[in-house]
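Summary of structural features
Spelled out, the chains give:
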Amino acid sequence: MLAVTEDLLKNLKTKDGVCLMYVDGSWVPASDGGVRELVNPSDGQIVARVAEGTRQDAQRAIAAARAAFDNGPWRDTPALERAKLLFKLADTIDDHTAELSAMETLNNGKPLRETEYDVADAANCFRYYAGLATKPQGQTFDVPAPSQTMVVREPIGVCGQIIPWNYPLLMAAWKLAPALAAGNVCVLKPSELTPLTVLRLATFVDELGFPKGVVNIVLGSGPVVGAAIAESADVDKVAFTGGTKTGRSIMQAATGNLKKISLELGGKSPNIVFADADFDTAVDYALFGIFANAGQVCSAGSRLLLEDSIHDKFVKRLVERAREIAVGDGFDPKTEMGPLISRAHTEKVESYIKTGVEEGAKLETGGKRPPGELGAKGNFIEPTIFTNTKPQMRIVQEEIFGPVLVIQRFKDEAEAVKLANDTVYGLAGAVFTNDIAKAHRVIKKLRAGITWINTYHPTYNEAPWGGYKQSGIGRELGTYGYDQYTEVKQINVNLAVEPSGWFKDRESGK
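Residues numbered from 1 in each chain as written. Predicted model: local features only at pLDDT ≥ 70, side-chain atom pairs only at ≥ 80, totals over all residues. Heavy atoms only, no water.

1. Overview of the sheet that holds strand β18 (residues 404-410)
We apply this condition: A pair of strands is treated as paired once DSSP finds two or more bridges between them. For the purposes of this entry, the term helix denotes a DSSP run of H or I that reaches at least four residues, the term strand denotes a run of E that reaches at least two, and both are numbered from the N terminus. Interaxial angles span 0 to 180 degrees and are taken between N-to-C directions of axes, which are lines fitted to C-alpha atoms, for helices over the stretch in contact. In this analysis, two residues are considered to be in contact whenever any of their non-hydrogen atoms come within 4.5 Å of each other.
Strand order across the open sheet formed by 7 strands is β16-β17-β18-β15-β14-β20-β21, with mixed pairing between neighbours. For this open sheet the edge positions go to β16 (362-365) and β21 (450-453), each flanked by a neighbour on one side alone. Taking the axes of each pair of neighbouring strands and ignoring which way they run, one obtains an average angle of 20 degrees across the sheet. When strand β15 (residues 303-307) meets β18, the two strands line up parallel, connected through 5 bridges. Among the inter-strand pairings, arginine 303 is bridged to a residue of β18, identified as valine 406. Relative to the sheet, helix α12 (residues 343-359) contacts β16, β17 (384-387) and β18, its axis offset from that of β17 by approximately 25 degrees. The sheet strands contacting helix α16 (residues 436-445) are β14 (270-273), β20 (428-432) and β21, and the helix crosses β21 at an angle near 170 degrees.

As structure tokens, this is what we get:
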């Protein structure tokens with residue numbers, strides 16, 4: 001693994017073996033020399049050392065972005081030229097798919113087949129917004145003469161962007177692509193646990209000739225670097241993906257200068273299966289909904305709602321299938337589910353499992369680390385399923401963010417909807433049934449922003465992503481995501497340039 005690691009990291013910018021940050025077009029260490037060690041979650045081995053940024057580093061990046069927006073060329077660069085650079089960035093990502101996928105697996109732990117998909121999706125996200133940059137975005141209005149009124153969209157300015165560790169490169173694309181397409185400049189903070197692919201992305205940005213200060217990558221912890229970004233009066237917008245608790249802190253910090261915010265937060269999403277659903281399809285997607293990326297997905301189908309008449313049969317088959325899932329190192333082609341991101345997060349998930357048992361839920365399978373070195377050295381937890389749950393239980397109400405499925409049962413359509421909406425979250429939800437009218441009735445009643453019928457998890461750059469209630473504010477992706485990075489300006493033009501006559505001109509007598 002050491003040789004693999006060295007080969008993957010050879011293209012990152014380093015000094016004395018420490019990966020550097022990218023600020024104002026230069027590669028820089030932390031201002032105080034701070035360093036963080038990154039760990040492979042599959043085996044606990046140190047894979048890299050990276051600069052651990054400070055508040056001063058964040059402020060330096062913000063100042064560079066501020067100057068680049070206020071005095072630099074980016075916002076005045078024709079949309080076609082911005083689009084050309086973003087297309088080139090997308091192509092460059094495609095050209096380095098193998099390298100980026102392996103780097104993501106090394107740092108994040110997820111199976112290689114997942115990271116390959118993530119890299120392709122990231123490239124397509126940049127490509128989508130490159131295409132959108134040159135499309136019509138304004139409006140004109142037929143108002144009473146002699147006026148002409150129009151609306152235009154303009155970039156917001158300096159955008160602070162804070163992303164999580166579960167989809168490092170893809171989340172960077174979701175944030176950077178629409179912001180840059182619209183003419184903004186960015187200060188992006190990747191998770192302190194998984195910055196490697198974002199740093200590689202920064203080398204592409206540098207090599208392709210993006211102007212200095214347009215893209216800045218600052219490493220460091222949320223309470224230090226993230227807080228500095230959220231609080232800064234020189235940041236015009238902050239976009240955050242992560243936990244609801246942190247989202248509240250960012251929202252409060254943003255009130256300092258009333259900056260724009262978009263928050264993509266947690267979820268406890270219901271996956272509703274009716275008795276008339278295609279049985280094998282529903283079982284398959286119930287597994288995929290919660291165990292993909294080891295359940296470390298904000299939109300995971302972490303609550304499975306089963307109609308009474310199929311409950312026992314469904315649980316039996318689901319448990320059988322869950323026990324067959326191959327858990328292991330992401331580089332092993334046989335692996336179907338990888339590790340959790342860190343030892344601390346693993347312990348947090350384990351504490352929820354213990355709580356579930358104490359609350360009286362029945363542990364049907366999993367609930368522990370796999371045997372041998374896998375469980376001893378890596379951050380692995382077996383696919384876990386609880387039945388006999390009650391709505392008030394913590395494992396039903398709180399986001400666990402791991403491979404833990406809680407099953408609820410319902411007697412009819414009305415109860416299914418009631419249970420589905422009975423959390424503070426509203427990110428996602430799904431319905432499985434062969435009755436298309438029922439499917440649409442239930443979907444319309446779900447208080448969630450992302451929904452599926454007879455499937456779970458497909459995501460498209462063209463469609464908006466975000467949630468209701470405490471699952472966030474605003475939307476990412478699609479034209480909605482682009483709009484989140486623009487200000488709307490009304491322009492009124494007088495086509496008859498003469499005095500209005502509203503006040504009498506006593507000198508002229510008019």
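Now that the structure has been shown, we can carry on.
2. A word on the nonpolar core
This is how it is decided: Here, nonpolar core means buried Ala, Val, Leu, Ile, Met, Phe, Trp, Tyr and Cys residues that are tied together by side-chain atoms lying within 4.5 Å of each other. Relative accessibility under 20% of the residue-type maximum defines a buried residue, over 50% an exposed one, and the middle range a partly exposed one, all with a 1.4 Å probe and only protein chains included.
Counting 143 residues, the largest nonpolar core has Phe126, Phe314 and Leu318 as the members making the most contacts within it. Counting residues per element, this core draws most heavily on helix α6 (residues 168-181), which supplies 11 residues. Those residues in contact with phenylalanine 126 that lie beyond four places of it in its chain are Leu86, Leu89, Ala90, Ile93, Ala173, Leu176, Ala177 and Leu201. In terms of nonpolar packing, the next biggest core, distinct from the first, is built from 13 residues, Phe410, Ala416, Val417 and Ile443 among them.

3. Focus on the packing of helix α4 (residues 97-108) against helix α5 (residues 112-132)
What counts is decided by this rule: When describing relative orientation, an angle under 35 degrees is termed roughly parallel and one over 145 degrees roughly antiparallel, while 65 to 115 degrees is termed roughly perpendicular and anything else oblique. Handedness of a crossing follows from how the near helix is turned relative to the far one, being left-handed for an anticlockwise turn of less than a right angle and right-handed for a clockwise one. Residues are grouped as follows: nonpolar covers Ala, Val, Leu, Ile, Met, Phe, Trp, Tyr, Cys and Pro; charged covers Asp, Glu, Lys and Arg; every other residue, Gly included, is treated as polar.
In the contact formed by α4 and α5, the axes pass within 8 Å of each other and the chain directions differ by 125 degrees. Comparing the axis directions of α4 and α5 gives the class oblique. Between α4 and α5 lies a crossing of right-handed hand. Only Leu112, Thr115, Glu116 and Val119 of α5 make contact with α4, whose side of the interface consists of Thr97, Leu100, Ser101, Ala102, Glu104 and Thr105. In terms of residue class, the contact of α4 with α5 is built from 4 nonpolar, 4 polar and 2 charged.

4. Here's the deal with the packing of aromatic side chains
Condition: Each Phe, Tyr or Trp ring (for Trp, its six-membered ring) is paired with any other whose centre lies within 6.5 Å, and the angle between the two planes then decides the class: stacked below 30 degrees, edge-to-face above 60, tilted in between. Counted as over-ring charges are cases with an Arg CZ or a Lys NZ within 6 Å of the ring centre that also lie within 35 degrees of the ring normal.
Counted by the stated rule, this structure contains 10 aromatic pairs. On the basis of an interplanar angle of 80 degrees and a centroid distance of 5.5 Å, the ring pair of tryptophan 165 and phenylalanine 401 is categorised as edge-to-face. Pair noted here: tryptophan 165 is in the loop between β9 (158-162) and α6 and phenylalanine 401 is in the loop between α14 (394-397) and β18, with a separation of 236 residues, a long-range link. Relative accessible area serves as the criterion here: at 15%, tryptophan 165 is assigned to the buried category. Among the residues examined, phenylalanine 401 registers a relative accessible area of 18% and is labelled buried. Centre to centre, the rings of tyrosine 285 and phenylalanine 288 are 6.4 Å apart; their planes meet at 70 degrees, and the pair counts as edge-to-face. Of the two residues, tyrosine 285 and phenylalanine 288 both sit in helix α10 (residues 279-291), 3 residues apart, roughly one turn of that helix. By relative accessible area, tyrosine 285 is classed as partly exposed at 23%. What links up through ring pairs into an aromatic cluster is the set Tyr285, Phe288 and Phe432. The ring of tyrosine 485 is capped by lysine 237, whose NZ or CZ atom sits 4.9 Å from the centre of that ring. In this arrangement the basic side chain of lysine 313 is found over the ring face of phenylalanine 279, its NZ or CZ atom lying 4.5 Å from the centre.

Function-wise, these values are silent; they only describe arrangement.
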